[in-house]
Amino acid sequence: LLFGSVVLGACAVSVASRLGPAAPATALACVLWLVVMVDVVSGSRLQINTPLGYTPTIAGRFQGFGNLAFGLVAASGLAVAVGYALVVERTETPVPRTRRHDHRTPRVAVWWAAWVGAVTTIGVAAPAFGSDVGGTLAFVPGCAIGVATLAGVRLGWRRVALAVGVGAAVVVLGAWIDMQRPPDRRTHAGRFLGDLVDGDGWLVVRRKLASNLDMVTASVWSVLFALALGACAVAVWARRERMLGMLATRPVERAYLAGWSSVAALGFALNDSGIAVVAIMAVIGGAWTVSAVMPVTRREGR
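**Brief notes about the overall build of the protein chain**
A tally of regular secondary structure across the protein chain gives 12 helices and 0 strands. Written out in order from the N terminus, the α and β elements of the protein chain read α-α-α-α-α-α-α-α-α-α-α-α. The burial tally for the protein chain puts 42% of its 302 residues in the buried class. Long-range contacts, defined here as pairs at least 24 residues apart, represent 69% of the contacts in the protein chain between residues at least 6 apart. Taken as a whole, the protein chain presents about 16,900 Å² of accessible surface, with 68% of it coming from carbon and sulfur.

Laid out in structure tokens, this is it:
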């Protein structure tokens, strides 16, 4: 399996390297997204006893998406969603853009992004697959914000609230379907809805909040990552005018960062080990963003 993954990744990078600087990273993200999605649909067998999966010693859950796996599929799924638009943008004749939001993303690229987001949502939210309540609440609005930004839609608080409401509705629908099954066959979503119906929902929420706070301070690596994230935020804020000017002419990167930051923020707040979600997403999102903003250079004679 490891050998096959390496060969598949090498072939994807080799083929995509001809399409531009960001294409290899997007190809690797596509391979990662496909592997994780196929695994969760086929029973989540690849996540047992893996560094970014779950283990029998922790015994948190043995089916669906854990927080680390959700970070992988969320960050890679967003990259795959906007990847087609980036390839089209890099292969077309450059058009000068001087105004903010002055772009027209091809409609097929927007529909592709929406399709990838919908497939990822099914994988994350469906009780038979991911069964991830916090992940669904984070990914649906975050992905909607990313797709809307890619399409050039101006986002106000009403549209953001609508995206959050859709995410909550998807969770409730999936949990209700799961709750109709026998108690011994219910997954994480159905059990959580059952706790809400029985009046124990606040206990679950309070336990998850306490676990999230403990996760931030329990490990020195969590503290170091939080400090590094804070330093990056300060550096970006100090150069915000330059960053905004750059993103004004890069609609695809702006869409990815809008979706990524929304999913990361909600994933941190709504999961019991939210800092781990942000850390995993930062690894993939950082690598893809760096490759996407690299200038396109062409060799002489080509």
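**Structural notes on the nonpolar core**
One recurring pattern in soluble globular proteins: nonpolar side chains tend to sit buried together. Formed by 43 residues in total, the largest nonpolar core has its most connected members in Phe70, Val73, Tyr256, Met281 and Trp288. At the level of elements, helix 2 (22-41), helix 3 (67-91), helix 4 (107-125), helix 5 (133-150), helix 11 (251-270) and helix 12 (274-293) are the ones that each hand at least two residues to this core. Here this core takes 13 residues from helix 3, the largest share from any one element. Leave out the neighbours within four places in its chain, and Trp288 touches Ala22, Ala25, Thr26, Ala79, Val82, Leu86, Val252 and Tyr256. Ala12, Ala16, Ala23 and Ala27 belong to the second largest nonpolar core, which has 5 residues in total.

**Remarks on the environment of Ala226**
On the secondary structure map, Ala226 appears in helix 9 (residues 220-238). Distance from Ala226 to Ile275, taken between C-alpha atoms, is 8.0 Å for residues 49 residues apart in sequence.

**Things to note about the packing of aromatic side chains**
A complete count under the given rule lists 2 aromatic pairs for this structure. A centroid spacing of 4.5 Å and a plane angle of 40° characterise the contact between Tyr256 and Trp288, whose relative ring orientation is tilted. With Tyr256 in helix 11 and Trp288 in helix 12, this pair connects stretches of sequence that are 32 residues apart. Judged by its relative accessible area of 1%, Tyr256 falls in the buried class. Residue class for Trp288 comes out buried when judged on its relative accessible area of 2%.

**Description of a nonpolar patch on the surface**
On the surface, Tyr84, Val108, Trp112 and Trp115 cluster together to form a nonpolar patch covering roughly 410 Å² of accessible area. As for its placement among the helices and strands, Trp112 is situated in helix 4. Judged by its relative accessible area of 33%, Trp112 is partly exposed.

**Some points on the environment of Ala74**
For Ala74, the location among the structural elements is in helix 3. C-alpha of Ala74 to C-alpha of Val263: the two residues are 189 residues apart in sequence and 7.7 Å apart in space. Among all residues touching Ala74, those that are not within four sequence positions of it are Phe139, Val263 and Met281.

**Considering helix 2**
Over its 20 residues, helix 2 extends 28 Å from the first C-alpha to the last, a length consistent with the 28 Å expected when each residue adds 1.5 Å. Immediately downstream of helix 2, the backbone of Gly43 shows phi near 115°, a positive value.

**Some points on the confidence of the model for the protein chain**
If pLDDT is low for a region, its predicted coordinates should not be looked at in detail. On average, residues of the protein chain score 77 in pLDDT, and 70% of them are at 70 or above. Of all the helices and strands in the protein chain, helix 8 (residues 201-218) carries the lowest mean pLDDT, 63, while helix 4 carries the highest, 92. Across residues 297-302, confidence stays below pLDDT 50; counting only partners more than four residues off in sequence or on other chains, it has 0 contacts.

**A look at the side chain of Thr26**
Relative to the helices and strands, Thr26 resides in helix 2. Non-local contacts of Thr26, meaning those with residues more than four positions away in its chain, are made with Ala79, Gly83 and Trp288.

**Concerning the packing of helix 11 against helix 12**
For the pair helix 11 and helix 12, interaxial distance at closest approach is 9 Å and the crossing angle is 170°. With respect to helix 12, the axis of helix 11 lies roughly antiparallel. Two secondary-structure elements touch here, helix 11 through Val252, Glu253, Tyr256, Leu257, Trp260, Val263, Ala264, Gly267 and Phe268 and helix 12 through Gly274, Ile275, Val277, Val278, Met281, Ala282, Ile284, Gly285, Trp288, Thr289, Ala292 and Val293. For the contact of helix 11 with helix 12, the class distribution of residues is 16 nonpolar, 4 polar and 1 charged.

**So, the side chain of Ser76**
Along the polypeptide, Ser76 turns up in helix 3. When its relative accessible area of 0% is taken as the criterion, Ser76 is described as buried. In terms of polar contacts, Ser76 uses its side chain to reach the backbone carbonyl oxygen of Leu72, at 2.6 Å. The residues contacting Ser76, other than those within four sequence positions of it, are Ala29, Leu32, Trp33 and Ile284.

**With respect to unusual backbone geometry**
The phi dihedral of Ser131 falls on the positive side, at around 50°, and the residue is not glycine. Mapped onto the fold, Ser131 is located in the loop between helix 4 and helix 5. Residue Ser131 is classed as buried on the basis of its relative accessible area of 0%.

Definitions and cut-offs
Residues numbered from 1 in each chain as written. Predicted model: local features only at pLDDT ≥ 70, side-chain atom pairs only at ≥ 80, totals over all residues. Heavy atoms only, no water. Helix = DSSP H or I, 4+ residues; strand = E, 2+ residues; numbered from the N terminus. Buried < 20%, exposed > 50% of the residue type's maximum accessible area, 1.4 Å probe, protein only. Contact = heavy atoms within 4.5 Å. Areas by Shrake-Rupley, 256 points an atom, 1.4 Å probe, with all protein chains shown as cover. Core = buried A, V, L, I, M, F, W, Y, C linked by side-chain atoms within 4.5 Å. Phe/Tyr/Trp six-rings, centres within 6.5 Å; stacked < 30°, edge-to-face > 60°. Patch = residues over 30% accessible without salt bridge, like charges linked within 9 Å, V, L, I, M, F, W, Y side chains within 5 Å. Salt bridge = Lys/Arg side-chain N within 4 Å of Asp/Glu carboxyl O. Expected span 1.5 Å × (residues − 1). pLDDT = per-residue confidence, 0-100. Axes fitted to C-alpha atoms, helices over the stretch in contact; angles between N-to-C directions. Parallel < 35°, antiparallel > 145°, perpendicular 65-115°, else oblique. Nonpolar A, V, L, I, M, F, W, Y, C, P; charged D, E, K, R; others polar. Polar contact = N/O pair within 3.5 Å; in protein donor to acceptor, adjacent residues only side chain to side chain.

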